[in-house]
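# Close look at the chain arrangement
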Amino acid sequence: MIHLVLIGLPGSGKGSQATKLIDEYGFNHVSTGNLLREEVAKASELGNEIKSVMDSGNLVSDDLVIKLLKANINVDSSSYIFDGFPRTGLQAQTLDEQILVDQKYYAVYFELDPEIVISRLSSRRMTKDGKYIYNLQTNPPKKDGICDVTGEELIQRKDDQEDVIKNRISVFFETVDPILEFYRTKNNLITLDASKNLEDVYAEIRKLL
Ligand code: AMP
């Protein structure tokens, strides 16, 4: 069993690569952003608290995200793609020491210029569950505003607006170094040039498998 931990700026292509990997290899996909959005959709007290943090582009607390992640995976029975987790050094350590114990995994860093991210995210549209992702410039749906696969209406995430995107980028660069350092020390970090097109990036990831 092998697991992949995808690290990168929002909009660096982690979700799109995850979709391709799931189709070809049958990985299970776990995105802490999606799990948190599900919690927000319940409109519980906790959900509303999470919503205000997410809408600003800041990070939800380690405790809460770790608890939510642990409750939603079983790494002994399937291979996972971790998308959007870890976001802090503590999360990286917890994943290694408490979740992926004795499991083989690679951390894959999608390296990308933040300027590209702003334009990619502003034109990003997706299904409500985040499963199918489009870009109005580079990968538009066949029919305006409609998902090619499910036929449902596409949405723009509230935190994909420019001022929030800028904060998400700052948060990313403030927090990523300890995460990369953790995996460098463990010798399981692979860095990819995420400015390349979807297929070229995918070919690089496939080499690992
Ligand atoms: P994402 O869908 O990965 O871009 O995440 C959207 C938002 O959810 C982030 O801006 C954070 O507010 C929150 N979030 C997602 N994953 C995490 C995590 N691992 N730790 C803390 N906050 C997270």
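Residues numbered from 1 in each chain as written. Predicted model: local features only at pLDDT ≥ 70, side-chain atom pairs only at ≥ 80, totals over all residues. Heavy atoms only, no water.

### A look at the overall build of the protein chain
Heads up, the condition is: A run of H or I in DSSP counts as a helix once it spans at least four residues, and a run of E counts as a strand once it spans at least two, with each numbered from the N terminus. C-alpha atoms define the radius of gyration in this analysis, and the globule rule sets the expected value at 2.2 Å times the number of residues to the power 0.38. Think of it in three bands: residues with accessible area under 20% of the maximum for their type are buried, residues over 50% are exposed, and the middle band is partly exposed, with areas taken using a 1.4 Å probe on protein chains only. The contact criterion used throughout is that any non-hydrogen atoms of two residues lie within 4.5 Å. Surface exposure here means Shrake-Rupley accessible area, sampled with a 1.4 Å probe, where a residue is shielded only by the protein chains that are shown. Charge assignment: positive for Lys and Arg, negative for Asp and Glu; neither His nor the chain ends contribute. By convention, charge coordinates are those of NZ in Lys, CZ in Arg, CG in Asp, or CD in Glu.
Looking only at helices and strands, the protein chain features eight helices and seven strands. A compact globule built from 209 residues would reach a C-alpha radius of gyration of about 17 Å, and the protein chain, at 16 Å, matches this within 12%. Residues counted as buried form 45% of the 209 residues belonging to the protein chain. The long-range fraction of contacts in the protein chain, counting pairs at least 24 apart against all pairs at least 6 apart in sequence, stands at 73%. For the protein chain, the accessible area works out to roughly 10800 Å², and carbon and sulfur atoms hold 47% of it. Taken as two groups, the 25 positive and 33 negative side-chain charges of the protein chain have centres that lie 3 Å from each other.

### A closer look at the site of the ligand
Where we set the bar: We call a residue near a molecule or strand whenever a single non-hydrogen atom of that residue lies within 4 Å of it. Polar contact is the term for a pair of N or O atoms within 3.5 Å; when the atoms are in protein, one must be able to donate a hydrogen and the other to accept it, and sequence-neighboring residues count only if both atoms are side-chain atoms. Throughout, the ten residues Ala, Val, Leu, Ile, Met, Phe, Trp, Tyr, Cys and Pro are labelled nonpolar, Asp, Glu, Lys and Arg are labelled charged, and all others, Gly among them, are labelled polar.
Residues in close proximity to the ligand total 16 residues, the closest being Thr32, Arg37, Asn58, Gly84 and Gln91. Contact distances for the ligand include 2.9 Å between an oxygen atom and a side-chain N or O atom of Arg37. In the environment of the ligand, a nitrogen atom lies 2.9 Å from a nitrogen or oxygen atom belonging to the side chain of Gln91. Burial of the ligand by the surrounding chains reaches 95%, relative to a free accessible area of 480 Å². The element best represented in the shell around the ligand is helix α2 (residues 32–41), accounting for four residues. In terms of residue class, the shell around the ligand is made up of six nonpolar, five polar and five charged.

### Points about the packing of aromatic side chains
Test applied: Put simply, two rings from Phe, Tyr or Trp (the six-membered ring, in Trp's case) pair if the centres are within 6.5 Å, and we call them stacked under 30 degrees between planes, edge-to-face over 60, tilted for the rest.
By the definition in use, this model includes six aromatic pairs. Here the aromatic rings of Tyr80 and Phe82 are separated by 6.0 Å at their centres, their planes lie at 40 degrees, and the arrangement is tilted. There is no split in this pair, since Tyr80 and Phe82 are both buried. Judged by centre distance (5.3 Å) and plane angle (85 degrees), the rings of Phe172 and Phe173 are edge-to-face. In textbook terms, an aromatic cluster arises when at least three aromatic residues are bridged by ring pairs, as seen for Tyr105, Phe182 and Tyr183.

### Notes on the sheet that holds strand β1 (residues 2–8)
To keep things clear, this is the line we draw: Here the rule is simple: two strands pair whenever DSSP picks up at least two bridges between them. Between N-to-C directions, angles cover 0 to 180 degrees, with each direction set by a line fitted to C-alpha atoms, over the stretch in contact for helices.
Sheet architecture is open: five strands sit in the order β2-β3-β1-β4-β7, paired in parallel fashion. Edge positions in the open sheet fall to β2 (28–31) and β7 (189–193), since each of these has one partner strand only. Geometrically, the sheet is characterised by an average inter-axis angle of 20 degrees between neighbouring strands, direction not taken into account. As paired strands, strand β4 (residues 104–111) and β7 are joined by five bridges and run parallel to one another.

### Examining the pattern of salt bridges
Rules: Salt bridges are defined as contacts in which a side-chain nitrogen from Lys or Arg sits within 4 Å of a carboxyl oxygen from Asp or Glu.
Scanning the model with the defined rule gives 14 salt bridges in all. Residue Glu39 is joined to Lys42 by a salt bridge in which the shortest nitrogen-to-oxygen separation is 3.2 Å. Taking relative accessible area as the criterion, Glu39 reaches 14% and is therefore assigned buried. What makes Lys42 exposed here is its relative accessible area of 58%. Note that Glu181 is salt-bridged to Arg184, the shortest N-O span being 3.1 Å. Here Glu181 pairs with Arg184, and both are found in helix α7 (residues 162–186), just three residues apart, close to one helical turn.

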